Amino acid sequence: MMFAPAPFLLKDTSVSQVMTQVCLALVPGIAAYAWLVGPAILIQLVVASFAALVAEAALLKLRGKPLAMFLSDGSAVVTAWLIALTFPPLAPWWLVATATVFAIVVAKHLYGGLGQNPFNPAMVAFAVCIVSFPALMAQWPSVGLQLPLVEQLNVIFGLSPRVDALSGATPLDAMKTALKLADGEIDVAHLLANQDLYGNFAGRGWEWVAAGYLLGGLWMWQRGIITWHVPVAFVASLVAISGALWLYQPAHFASPLFHLLSGGAMLGAFFIATDPVSGCTTPRGKLIFGAGAGLLAYVIRVFGGYPDGVAFAVLLMNLCAPLIDYLCQPAIFGMKDKA
Amino acid sequence: MLNLFKFKGGVKPPTNKTQSLGRPIAVAPLPSRLVVPLHQSIGGTPRPVVQAGDKVLKGQLIGEADGWISAAVHAPTSGTVVAVDMHVQPHPSGLDALCVVIEPDGRDEWTTRVPVDHRALAPEEVRERLQQAGVVGLGGAVFPTHGKLTPSKTVPMQELVINGAECEPFITCDDLLMRERADEVVRGIGIFRDLLQPEKVLIGIEDNKPEAAAAMRAAVQALGESFEVVQVPTLYPAGGAKQLIRVLTGKEVPASKRSTDLGVQCFNVATAYTAWRALAHGEPVVSRLVTVTGNVAEPCNYEVLIGTPMAEVLKLGRPHPDTDGIVMGGPMMGFLVPDGEVPVVKATNCLIAHSERLFPPKAPEMPCIRCGSCARACPHELQPFEMYWFARAKNFGKTQEYHIFDCIECGCCSFVCPSRIPLVQYFRFAKSEIWAREREKKAADTAKTRFEFKQLREEREKAEKAEKLARAAAAQAAKKAAEAAAAAGEAAPGETAAAVDAETDPKKAAIAAAMARAKAQREAAPPRNTEQLNAVQQRELDEIEARRQAAGISPAAPAEKTE
Ligand code: SF4
Ligand code: SF4
């Protein structure tokens, strides 16, 4: 006799299906990114994925968990890709690999593995690396620099010295540094006039990468993998604070559009702050989570000492997520007037 | 046009209804033996009023309602009672219960039927007749219908909702009932309307049943009624009473309230039909419509006598050879019956031949990734993954904080979970565990009062003793013996009555003993709806059970004394 419990009918879905769709949604952004900085980024994606799967397999084995079932769930690959996409594209391979292994081993499995980690593993790795290797993490290829693939590989794998051209910064960081150095002498409009660096809105080419993430994010929303709450709240709060300061002192603060399309804003809004495991789950909780992350990201990237603030913002909000959820429990069926 | 409301959540599983809609309702042949359980509705277990050897006629009373919330049970056909004994029940627990076993004589001869015009009777009398006729909710909940036909004294009855939604996949018996017997369904609704006097009557039918809706509309018109037939969007579980009430009236009935407190009441269409047959034709509920579908060659709806073994009914649909079980109910809320011999009961709306082709085995359970899909699918707007988390950790207080008792076990959450967690299973486990603990607590409380009472009495006795020291020693001893006997009787008050009966009538005694056994078994058995739990949980369950037994609070103990 069988003991299968109801329901006997199940929707065709699985964790690996969900994770695969997240990866697919990243593809437009990755394509734009590869076009911008060259194919090296694809190499980084492979390096990170490989490191993630090896680390995952080793840890599963160590913890006596079924290998096939968990390796194929795709969650390690999502973490790996987020790391590859947030690190400088020409970072040495060992940095990317170490970061990924750290994310999987420490930030994921030491907390209990899939579904148990209180912090977003990719962001933990990012934060650890930016603190431990600030110089390497600041080496972005100068805008417009298109090294041939062989050259890029040589840089990533340390076969040739790290070229000077790598001392560039992201447009976001460049803007911050320039404003600081000029100490009020130059205004934002002047800086932005440098189309070579800043392109039309937020850094040449970067706006297309952001648009790619936006596209993928909308697709995930349409597929029901994420809800609108976090991205909308994130974008709204980022626009609100940057807009307010920009209106107050346009010479000192960049426009909301600049902030939306530069750095990790779009990736953060749609792919990082929406991580369900470490984020909020109630509708109101998600709104608070997204708004908080957007606000903190702005504050850190504009006033803080780091080139971008998305990673720290998300980690800080991860910390508050359980409390936010606890306080935001929605009223249930039939109990609405009481709540 | 009525303004419809939405309920949150819900899912859209493949409906699989067309298979069984191709044929008209057929009458299932008379089986060689009928096993009629006495306990077929919510509430008290009816008392058997026949004995082995008795001749019965179709529709003759065989089980008498026990208390107000209880409904009578009748012989489904004419024949001979061959036994009143324990048989395995169509329940996931696989427990036995007292049944009347009838060998049909093949004549299917009715007892005298007394048709009445309900309008000529007082409301109390109508309710009593419905109880005597064994009319219960046929949507699956089998709550005695007469118990829902008293309007609230303080809240005016605004809407009477009639449930013809039939949202569960595969099931089509209500659909066919409405198509073929709309007239009598509508007349039955008229009885409920007369008793409850609502401002309006709304008949909700999912919009994937246009034929049924048309037939009902035509019947309503032909009978000159003002009932409104409303097609509601097809969305599981739109046919849940609370969901349908929400869709049609906008009212949300919480678990803690009765729907009449909000001025609304809900009945299933099949219930209305049986109420009409019971009053206007004097026919008690001895059969019901059952959809036979799933892994069968000829899916169809049958009028089946209560007590027919399920395997025999399934055979009518010619199940394919790889059939490996029978699901009673739909694929969302139904369960695999423990044995093909279990009888069709009033709650049996559908039998699905189970096979791995039809319902592939589930993928292994993964950890929860907190994706929230379950919460978005939950029609009661609960947080299933939080309840799951706490149920797993056996933090049952917390599950209650997250409103586990508002869960209707509809299965939407399990349906959408990408981690394939049998969430409903965990909730049933948590609920039964909470009930068990409450029983333990009650038992402990009773034991405490009993102990205090005993102490008090002993003190009093001591005092009396001191007074009566002068009395003769022989008399003293005799009195003590009497008291001891009284104390022993007190320990099991329910069974004393049975014991007294036993002395007077051996046949009655046998039945009483069987009932006591059934009761003991029902209460003593561990909650068996937890089969899918892993080894660790199973061990913990066993420990809990052991703890219960060790504490001596298992109700099995006193009952066995009388045997
Ligand atoms: S649907 Fe499953 S995995 Fe998602 S939150 Fe609910 S229980 Fe967890
Ligand atoms: S089974 Fe319970 S928790 Fe799950 S969706 Fe239905 S009502 Fe909600």
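Just so we're clear, the structure is a prediction, and the values are computed from it rather than from any experiment.

(A) Highlighting helix H17 (residues 310-327) of chain A. Residue and element names in this part refer to chain A. Between its terminal C-alpha atoms H17 stretches 24 Å, which fits the 26 Å expected from 18 residues at 1.5 Å a residue. Maximal helix bending in H17 amounts to about 45°, located at Cys 320; proline Pro 322 follows within four positions. Listing the buried residues of H17 in full gives Val 310, Ala 311, Phe 312, Ala 313, Val 314, Leu 315, Met 317, Asn 318, Ala 321, Ile 324 and Asp 325. In this fold, the buried residues of H17 make contact with helix H6 (121-132), helix H13 (229-248), helix H15 (265-272) and helix H16 (283-303).

(B) Representation of the side chain of Thr 79 of chain A in the model. You can see Thr 79 of chain A is positioned in helix H4 (residues 75-86). Every residue in contact with Thr 79 of chain A, bar those within four places of it in the chain, is listed here: Ala 103, Ile 104, Pro 121 and Ala 122 of chain A.

(C) View of the site of ligand 1. Neighbouring residues of ligand 1: 13 residues in total, closest Cys 368, Cys 371, Gly 372, Cys 374 and Cys 417 of chain B. By residue class, the composition of the shell around ligand 1 is 9 nonpolar, 3 polar and 1 charged.

(D) Just the sheet that holds strand S3 (residues 47-48) of chain B, in detail. All names here are of chain B. What the 3 strands build is an open sheet, ordered S3-S5-S6; its pairing is antiparallel. The sheet terminates laterally at S3 and strand S6 (73-74), the two strands that pair on one side only. Judged from the 2 bridges that link them, strand S5 (residues 61-64) and S6 form a sheet pairing that is antiparallel. Paired with Leu 61 across the two strands is His 74, which belongs to S6.

(E) Focus on the sheet that holds strand S15 (residues 325-328) of chain B. Residues and elements named next belong to chain B. Taken in spatial order, the 6 strands make up an open sheet running S1-S14-S13-S17-S15-S16, and their pairing is mixed. Two strands close off the open sheet at either side, each with one partner strand: strand S1 (26-27) and strand S16 (335-336). Sheet topology places S1 next to strand S14 (residues 300-305); 2 bridges connect them, and they run parallel. Counterpart to Val 27 in the pairing with S14 is Glu 303. Most of the contacts of helix H2 (residues 173-196) go to strand S13 (residues 287-294), to which it runs at about 125°, and overall it touches S13 and S14.

(F) View of H4 of chain A. All names here are of chain A. Helix length check: H4, at 12 residues, gives a terminal C-alpha distance of 17 Å against a target of 16 Å (1.5 Å per residue), a fit within 8%. H4 sits mainly inside the fold: 12 of its 12 residues count as buried. Buried within H4 we find Ser 75, Ala 76, Val 77, Val 78, Thr 79, Ala 80, Trp 81, Leu 82, Ile 83, Ala 84, Leu 85 and Thr 86. For H4, the elements touching its buried residues are helix H1 (15-37), helix H2 (40-62), helix H5 (93-108), H6, helix H12 (206-222) and H15.

(G) Examining the packing of aromatic side chains more closely. Evaluation of the coordinates by the stated rule reveals 12 aromatic pairs over all chains. On the basis of an interplanar angle of 65° and a centroid distance of 5.9 Å, the ring pair of Phe 396 of chain B and Phe 429 of chain B is categorised as edge-to-face. Remark: Phe 429 of chain B occurs in helix H11 (residues 423-467) and Phe 396 of chain B occurs in helix H9 (residues 396-401); sequence separation between them is 33 residues. There is no split in this pair, since Phe 396 of chain B and Phe 429 of chain B are both buried. For the pair Phe 405 of chain B and Trp 435 of chain B, a centre-to-centre distance of 5.7 Å together with 50° between the ring planes defines the contact as tilted. Residue Phe 405 of chain B is located in the loop between H9 and helix H10 (412-416), and its partner Trp 435 of chain B is located in helix H11; the two are separated by 30 residues in the primary sequence. In this structure Trp 435 of chain B comes out as partly exposed when scored by relative accessible area, which is 46%. Taken together through their ring pairs, the aromatic side chains of Phe 8 of chain A together with Phe 170 and Phe 359 of chain B make up a single cluster. The ring centre of Phe 267 of chain B lies 4.7 Å from the NZ or CZ of Lys 148 of chain B, which sits over that ring. Between Lys 362 of chain B and the ring centre of Phe 8 of chain A, over which it is positioned, the NZ or CZ distance is 6.0 Å.

(H) Region of the structure containing the interface of chain A and chain B. Taken together, the 40 residues of chain A in the interface contact 60 residues of chain B. Each partner contributes to the roughly 4,200 Å² buried at the junction of chain A and chain B, and carbon and sulfur atoms together form 65% of this total. The tally of links from chain A across to chain B stands at 1 salt bridge. In this assembly, chain A and chain B are joined by 9 residue pairs in polar contact (both at pLDDT 80 or more). For the side of chain A that touches chain B, the secondary structure elements donating two or more residues are H1, helix H3 (67-71) and H17 of chain A. Considered class by class, the residues forming the side of chain A that touches chain B number 23 nonpolar, 11 polar and 6 charged.

(I) Focus on the pattern of salt bridges. All names here are of chain B. Applying the stated criterion across every chain yields a total of 29 salt bridges over all chains. Residues Glu 283 and Arg 277 are paired through a salt bridge, measuring 2.9 Å at the closest nitrogen-oxygen approach. For Arg 428, the salt bridge goes to Glu 409, with nearest N and O atoms at 2.8 Å. Here Glu 409 lies in the loop between H9 and H10 and Arg 428 lies in helix H11, a separation of 19 residues in the sequence. Neither Arg 428 nor Glu 409 differs from the other in exposure class; each is buried. The structure contains a network of salt bridges with shared partners spanning Arg 113, Glu 184, Arg 277 and Glu 283.

(J) Summary view of the pairing of strand S11 (residues 228-232) of chain B. Across 5 bridges, the pairing between strand S10 (residues 200-206) of chain B and S11 of chain B is parallel. Bridge pairing in S11 of chain B places Glu 206 of chain B opposite Val 232 of chain B.

(K) Representation of the site of ligand 2 in the model. All names here are of chain B. Neighbouring ligand 2 are 13 residues, the closest being Cys 378, Cys 407, Cys 410, Gly 411 and Cys 413. When contributions to the shell around ligand 2 are tallied by element, the ones reaching two or more residues are helix H8 (384-392), H10 and H11. A breakdown of the residues in the shell around ligand 2 according to their chemical character gives 11 nonpolar, 1 polar and 1 charged.

(L) Focus on the packing of H8 of chain B against H11 of chain B. Residues and elements named next belong to chain B. Axis separation between H8 and H11 bottoms out at 9 Å; the angle between their running directions is 55°. Between H8 and H11, the interaxial angle falls into the category oblique. Handedness of the H8/H11 crossing: left-handed. The segment H8 lies against H11, with Pro 384, Met 387, Tyr 388, Ala 391 and Arg 392 engaging Leu 423, Tyr 426, Phe 427, Phe 429 and Ala 430.

Rules and cut-offs
Residues numbered from 1 in each chain as written. Chains lettered and ligands numbered in written order. Predicted model: local features only at pLDDT ≥ 70, side-chain atom pairs only at ≥ 80, totals over all residues. Heavy atoms only, no water. Helix = DSSP H or I, 4+ residues; strand = E, 2+ residues; numbered from the N terminus. Expected span 1.5 Å × (residues − 1). Bend = angle between axes of the 7 residues up to and from the residue. Buried < 20%, exposed > 50% of the residue type's maximum accessible area, 1.4 Å probe, protein only. Contact = heavy atoms within 4.5 Å. Near = heavy atom within 4 Å. Nonpolar A, V, L, I, M, F, W, Y, C, P; charged D, E, K, R; others polar. Pairing = 2+ DSSP bridges. Axes fitted to C-alpha atoms, helices over the stretch in contact; angles between N-to-C directions. Phe/Tyr/Trp six-rings, centres within 6.5 Å; stacked < 30°, edge-to-face > 60°. Lys NZ or Arg CZ within 6 Å of the ring centre and 35° of its normal. Buried area = accessible area lost by both parts, 1.4 Å probe. Salt bridge = Lys/Arg side-chain N within 4 Å of Asp/Glu carboxyl O. Polar contact = N/O pair within 3.5 Å; in protein donor to acceptor, adjacent residues only side chain to side chain. Parallel < 35°, antiparallel > 145°, perpendicular 65-115°, else oblique. Left-handed = near helix turned anticlockwise from the far one by under 90°.

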